[in-house]
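Chain by chain, the residues:
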Amino acid sequence: MKLAITARVGAVLLMFCCLQSALPVAAQTTEQSATIKEIRGRIVNKENQPLVGVSIVVKGTDQGTVTDQDGRFILRAAANALLEISNMGFANQELQVAGVTGAITITLTESDATLDGVVVIGYGSIKKKDVTGAIASIDGKSLQKAMTSDISQALNGRVAGVNAIKSSNRPGAGFNIEIRGVNSFNFSNEPLYVINGVPSTTGMRHLNSADIESIEILKDASSSAIYGSRGANGVVIITTKGAGRRDGFEINYNGFAGLKAAARIPDMIGSKGNGLEYVDYRVALWTNKYGPSSLSRPDFLTPEEKERVRFGEYYDWSREVLKTGMINNHNISASGGSAKTSYTFGLGYLGEDGIVGREKFDRLTANLGLEQRFNSSIKMGFNTYASKVKIDEGSSEALINAYFIPPIVSPYDKDGNLLFRAQPTSSKVNPLMDMQNDIRQRDETYLNVMGYLEVTPIKDISFKTQVAMQYDAYTYGTFKGTMTQAKAGVNPAEAYKGTGSNMNWVWDNILTVRKQLGEDHKFHFIGLFSIQKDQHEAAGMRGDGLPYNSDWHAIQTADQITDVTSNYWESSLVSFMGRLNYTFKDKYLLTVTNRYDGSSRLAPGNRWGMMPSAALGWHLSRENFLQQADWLNDLKLRVSYGLTGNNNVRHDVTQTRLAMSRYNFGNLGINGFGLGGEIGNPNLKWEMTSEWNAGLDFSLMKNRISGTVDVYKRITRDLIFERRVANVNGYSSYLENIGSTSNQGVELGLNTINIASKNFTWRTNLTFSRNRNKIVDLYGDKASDVANRWFIGQPIRVIYDYQFEGIWQENEKDLAAVLGKAPGHIKIQDVNNDGNFDERDMKVLGSPNPDWTGGMTNTITYKNFDFSVFVYVRKGGLYNDQFTYMFTAWDNEHWNKLDVNYWTPENGSNEYPGIGAVSLHTQVLGHVSGNFVKIQNINLGYTFNQSAISRLKAKQLRVYTTVQNPFTITKYKGFDPESIGENPYSNLSVMPIMYTLGVNLTL
Amino acid sequence: MEKWKRPRYFLALILLILAGVGTGCVKSFDKTRPLVLTCTEEKLASIQTILDTARVGTEDYTYPQASYDQLAAAFEEVKTGISYARAGKYVLQYEVDNICVKADQAMTQFLQSFNFTLPAGSAGELQVFGLNQQGSIDFGDELAYSNSNTYTIELWAKYDENFLDFEMATLVGTTSEGPESAWPNAKFEGWNIHFQRSGNLRASMGCGPGVLEQARAYPQNFGEWNHIALVWDINAAIAPGDDRPYHMKLYVNGELYWQKNNDIILGGSPAPMLPSSRRKMRAFIDPYHPSRCMTGYMKKFRMWNEAKTPEQLKSLMTTEVNGTEAKLQCAWDFTEVPQDPAVNPDKTGRYNARIIGSHKWMPAK
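### Notes on the overall build of chain B
At step 1: Scanning chain B for helices and strands turns up 5 helices and 20 strands.
At step 2: The 365 residues of chain B split such that 50% are buried.
At step 3: By sequence separation, contacts in chain B at least 24 residues apart represent 69% of the contacts at least 6 residues apart.
At step 4: Carbon and sulfur atoms provide 52% of the accessible area of chain B, an area that totals close to 16,900 Å².

### Re the domain arrangement of chain B
At step 1: Assigned domains of chain B: these are domain 1 (38-112) and domain 2 (125-362).
At step 2: Measuring from the centre of the C-alpha atoms in domain 1 of chain B to the corresponding centre in domain 2 of chain B gives 36 Å.

### Details of the side chain of asparagine 693 of chain A
All names here are of chain A.
At step 1: Within the secondary structure, asparagine 693 is located in strand β33 (residues 687-700).
At step 2: On the basis of relative accessibility, which here comes to 1%, the residue asparagine 693 falls in the buried class.
At step 3: Reaching out from asparagine 693, the side chain makes a polar contact with the side chain of arginine 180 at a distance of 2.9 Å.
At step 4: In contact with asparagine 693, not counting residues within four places along its chain, are Ala134, Arg180, Asp220, Arg638, Val639, Ser640, Asp710, Val711 and Tyr712.

### What to know about the packing of aromatic side chains
At step 1: Applying the stated rule across the entire model yields 50 aromatic pairs over all chains.
At step 2: Of the aromatic side chains, those joined through ring pairs into one cluster are Tyr403, Phe404, Phe883, Tyr885, Phe887, Trp890, Trp895 and Phe975 of chain A.
At step 3: If you follow arginine 216 of chain B out to its NZ or CZ, it ends over the ring of tyrosine 257 of chain B, 4.2 Å from the centre.

### Structural notes on the sheet that holds strand β2 (residues 135-141) of chain B
All names here are of chain B.
At step 1: Spatially, β9-β8-β7-β4-β15-β2-β19-β18 is the arrangement adopted by the 8 strands of the open sheet, whose pairing is antiparallel. With partners counted over all chains shown, the strands left at the sheet margins are β9 (210-217) and β18 (344-345), one partner each.
At step 2: With 8 bridges joining them, strand β8 (residues 200-207) and β9 adopt antiparallel strand pairing. If you follow serine 204 over to β9, its bridge partner there is glutamate 213.

### Quick word on the packing of helix α2 (residues 38-53) of chain B against helix α3 (residues 65-87) of chain B
A pair of packed helices is captured by two measures, namely the crossing angle of their axes and the spacing between those axes.
Residues and elements named next belong to chain B.
At step 1: Closest axis-to-axis distance for the α2/α3 pair is 10 Å, and the angle between their directions is 155°. Put simply, α2 runs roughly antiparallel to α3. By crossing handedness, the relation of α2 to α3 is classed as left-handed. Between α2 and α3, the contacting residues are Thr40, Glu41, Leu44, Ile47, Gln48, Ile50 and Leu51 on the first element and Tyr68, Leu71, Ala72, Phe75, Val78, Lys79, Ile82 and Arg86 on the second.
At step 2: Grouping the constituent residues of the contact of α2 with α3 by class yields 10 nonpolar, 2 polar and 3 charged.

### Here's the deal with the environment of glycine 527 of chain A
All names here are of chain A.
At step 1: Within the secondary structure layout, glycine 527 lies in strand β25 (residues 521-546).
At step 2: Note: C-alpha distance between glycine 527 and methionine 204 (323 residues apart in sequence) is 28 Å.
At step 3: Leaving out residues up to four positions away in the same chain, glycine 527 has contacts with Asn509, Ile510, Leu511, Met577 and Gly578.

### A look at the pairing of strand β13 (residues 192-195) of chain A
All names here are of chain A.
At step 1: Taking every second residue as pointing to the same face, both faces of β13 are buried, with Leu192 and Val194 on one and Tyr193 and Ile195 on the other.
At step 2: Two strands pair when backbone bridges link them, and β13 and strand β16 (residues 235-240) are joined in this way by 4 bridges, in the parallel orientation. Each residue of the ladder has a partner; that of isoleucine 195, found in β16, is isoleucine 238.
At step 3: In this structure, β13 lies alongside strand β14 (residues 198-200), joined through 3 bridges in antiparallel fashion. By the bridge assignment for β14, isoleucine 195 is matched with valine 198.
At step 4: Here β13 hands over to β14 after 2 residues, with asparagine 196 in that stretch at a positive phi of 50°.

### Digging into the state of the cysteines
By definition, a disulfide is the covalent link that joins the sulfur atoms of two cysteine residues.
Residue and element names in this part refer to chain B.
At step 1: Enumeration according to the criterion identifies 1 disulfide over all chains in this entry.
At step 2: In this model, cysteine 39 is linked to cysteine 100 through a disulfide, with the two sulfur atoms separated by 1.8 Å. Of the two residues, cysteine 39 sits in helix α2 while cysteine 100 sits in helix α4 (residues 93-112), which places them 61 residues apart along the sequence.
At step 3: Cysteine 100 gets classed as buried once you look at its relative accessible area, which sits at 5%.

Conventions used here
- Residues numbered from 1 in each chain as written.
- Chains lettered and ligands numbered in written order.
- Predicted model: local features only at pLDDT ≥ 70, side-chain atom pairs only at ≥ 80, totals over all residues.
- Heavy atoms only, no water.
- Helix = DSSP H or I, 4+ residues; strand = E, 2+ residues; numbered from the N terminus.
- Buried < 20%, exposed > 50% of the residue type's maximum accessible area, 1.4 Å probe, protein only.
- Contact = heavy atoms within 4.5 Å.
- Areas by Shrake-Rupley, 256 points an atom, 1.4 Å probe, with all protein chains shown as cover.
- Domains from an automatic or database assignment.
- Polar contact = N/O pair within 3.5 Å; in protein donor to acceptor, adjacent residues only side chain to side chain.
- Phe/Tyr/Trp six-rings, centres within 6.5 Å; stacked < 30°, edge-to-face > 60°.
- Lys NZ or Arg CZ within 6 Å of the ring centre and 35° of its normal.
- Pairing = 2+ DSSP bridges.
- Axes fitted to C-alpha atoms, helices over the stretch in contact; angles between N-to-C directions.
- Parallel < 35°, antiparallel > 145°, perpendicular 65-115°, else oblique.
- Left-handed = near helix turned anticlockwise from the far one by under 90°.
- Nonpolar A, V, L, I, M, F, W, Y, C, P; charged D, E, K, R; others polar.
- Disulfide = S-S within 2.5 Å.

Rendered as structure tokens:
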């Protein structure tokens, strides 16, 4: 372990040193330029007080500095450069370097807002100072710096209130995103994704972070109510880089290449060449479980295994199957424009190898945007985003088999050929052969096209009509050859092919009115009429007994074709929405929204739902009583309430489906149709969520400390619930609007400028989220449903089981015997003290929801260097982990186990039972804590001075190196505490550590 | 160049901090181990002593020549093993230990093999040497042995120390698994009373998708008879003071030893025990997993197609049956030496039990 960590630190050192050693040459070059001008100055507020941490950046580059404690700065820039000066709470300024002579003093005037930034809120945008709801933003730069292939992962710890749950570390594996917990039992809790205006449910895997302008997360009901019946789980608004440039032309290349390896490898007994340790374990297991005489059985150790022990020939299987993977990411974009026309174009490629077998993720992306401004009143344009994704998921069981097979087994025969049954005494086949013959591939195509026409007939009023389409299609193919675990080396090959597509059309008509009456009254009204139609189709078939290896491209040659399916469904939505933002004296804010949605998914009579919301904002810092508080730059209080719905229900929940059965009449097979297991309910109505949110935005100490705090309570009522009934009427369940859940929590976002001096700055961004999920009611009687593990007052997902209390020790032998236990057995709590262990002793032990999560980014700049570290923390949560359970609880006589502290009479371990103890209640070993601290990203960059790159005609050049997942602190015994609970037979994966070198060049 | 030292110090500091994050430990591996032959040398001496002192013959309390020859062969095996170990053919201690275990088994088997013959028809007690599947009682293959969901198994048994050397050892049972025995389609069938190496007396019911089990440490009164009764009643009612019915109960010497509610639910009701599809009922060996075997004594065995009450069980402990009792499915008394160990008719006249393999009839104590 120490060696591995030392090697890891060494690798980090080496990469950073390589980067550093290359830099002095470049820096020396910068000193030689004659066109460089040194600007010295001081920045103050209108009271002539120095402003600390003010950012001074050469426009169009990352080159810049910040002011020190005295408000002073020194910056070297090209004589023709333009400086951008910005500070939170103050209006931005620009300064032409050419016009500067001697030391200058710049006075910044306070602006109306902590941030003048613009926030996309759906069907428009507003200034951040006018926001009244809980909206989090993350910009494209931050996403790129996170260097995750799926943008979803970058949200963890960087956006408070968002929990992106990783299903696996295999390249291309999906994420489930939960915003402020889960509401629904039977249907999806995924938020609504709105990509360039098109509502989508396909996640973000296909998106390239280099193409993202910004992502806004609408968390509270007053914000997400603008999407009405689809807003209950929150809304993720993704805006790709569109055409907006009004002058000049720019090309940007951003790319990196790197290596991937395993970050954490669970240690098995006898791994790393310590084969005798495994033999000791097996002797103990067989002796304890089957008795000493069992060691004479011929299958205890085969002659070949004994030979290997004799010669010390051991195999570390978990490392045998791993390899070093490559990652390549290249993005090039061009944008330009004139007074009339703006355009943008981008191409991107990401190729990411897995580190087990064939695993691979390839993504090709392209975007194209154009805007034409005919005159000051009319403009039109389009934005297109296309993505092609190919995922090789790799073998289902190769990795898990590598953990089953012990080190005394060889993958090769005496001639060096791969064996299929490497361990004749076990059912587990050689993973090195399995991974060659178990193929799972997914091809996905995404196309997002949006076109608009915007007319501003008179001042303050504009009308925009926008047609958008998203099409996505997939082909999923699997091939399991004979020489796989699934086919055991004897059964013929099997293939499956499934295809599907979704087409989503939206026509939005948006009327925007912005009006200011006098000095005090500002109005911003949006009216919407929208129609949407989505179509879905899918088909699939499976072939058993393929004559030759044809992957899934010749299923017709199979002996038997099964699982032939095809389906189609569509749904539509019609919406009316109005939103009014009113500001009085720039102190008092009011937002009122109402959306009226009609969905075809519900039956006539229940299709239409009204979802209103309201929010108030109060800029306290602008009140007279706080005017004298110099330490306070901005303080805004927000309160909101709203209603949203959940449209993530099946399209046919109100209908009773006929189920098909096959009957045999003589030699004929006849299809028959009858009532299915579930009956539809035409009286179903929307699942409705109401939410209170209170928030505080603040900026203190000359903006050195700023942040946001939100508290909320969300209640979902009329949950569409599957009620089980006795199967006497021909069906066993039906859906009903019953039940209620709640989520309440607190979120914090904090940004600080810790040090700001001439050459050195240190900034910290911190997020914190805590959510409590509870079932309020299930069937209207406030009674729990033990069979389904749903308990009133507890989260929807809980671990309900026996309480692990340690291991029975030798000195407790007599008491253990009375309870039917023995030393070395698992001790569980006898909750009712009746001397029996049965389901009455089970209780809610915890929930796979974290107590809290947090993220911290520290960014340090020193002259042209920038260095950042991102740490992600998860505290609490209890998870059921199959991997831990299997490899600590199972006592299979031929398989391996995790190297943990198993009980022996001598060590008296209280953690894991004795080897071969044949203990009951072993499932409790699978309950693992979700705590971890991850240093997830370390980034070191160097931005060249303009003088150094002027010969390249470049505007900006930055080189950087990054390490992903270098350190994880956790007690979890598996691969990655962030993906606890992976399905070991299909998705088990290795957390990678990734070293990359990258370049960002702007011409 | 001088000013470039400062960023280097800065970087070095950061990297030192990073290096400090790592913690770990270095493992040292065993490569070879010396073998300890003390045990084998002791066994060699012990066997030599037995061989030197044993009386071989055909009279009572002498040892058969065949047994003597087997022990002598074991003696040679131990010598060969020591030679292998010294020559480096064995590299692991367990291989040496195996020699000792086998030597112990050979000595035990030899010492148990002394000649003693009780005439057929005389009173005696039956010891079945079931370890290593050497002996057992085969009650035949009958559906009736596991076809009821309301029954009582009642028997007298005793055992000495070291009566089992495997993970589990069946005292008597009908356990089986259906044709679809692979998980997750496993179909568990029949009943079983067994001992666990970990020290428990346990019973199990094969209720289709699950096995209902309950256990408690087995009585340590080695060499003394215990009356053991397993009562199964799928229709058990909730007794006064309880909050649930107890479908499975075990009594030892008339006292409730443990009880278990049937929490394997199918279609909303407690799952019934499934009849054994292989129909076998065996004692001292498991009918489905034959490696679960033991050495022990059995005096009486009865099966009733009703759930006996504690009072009835206490009464039965001191009552003989004649085979005509109501609800009595089968009953054997192994208290008299049979003419033929393969012919032991039960008292109802419906079934026959065969005593198979290694066993001995000794005068009843």
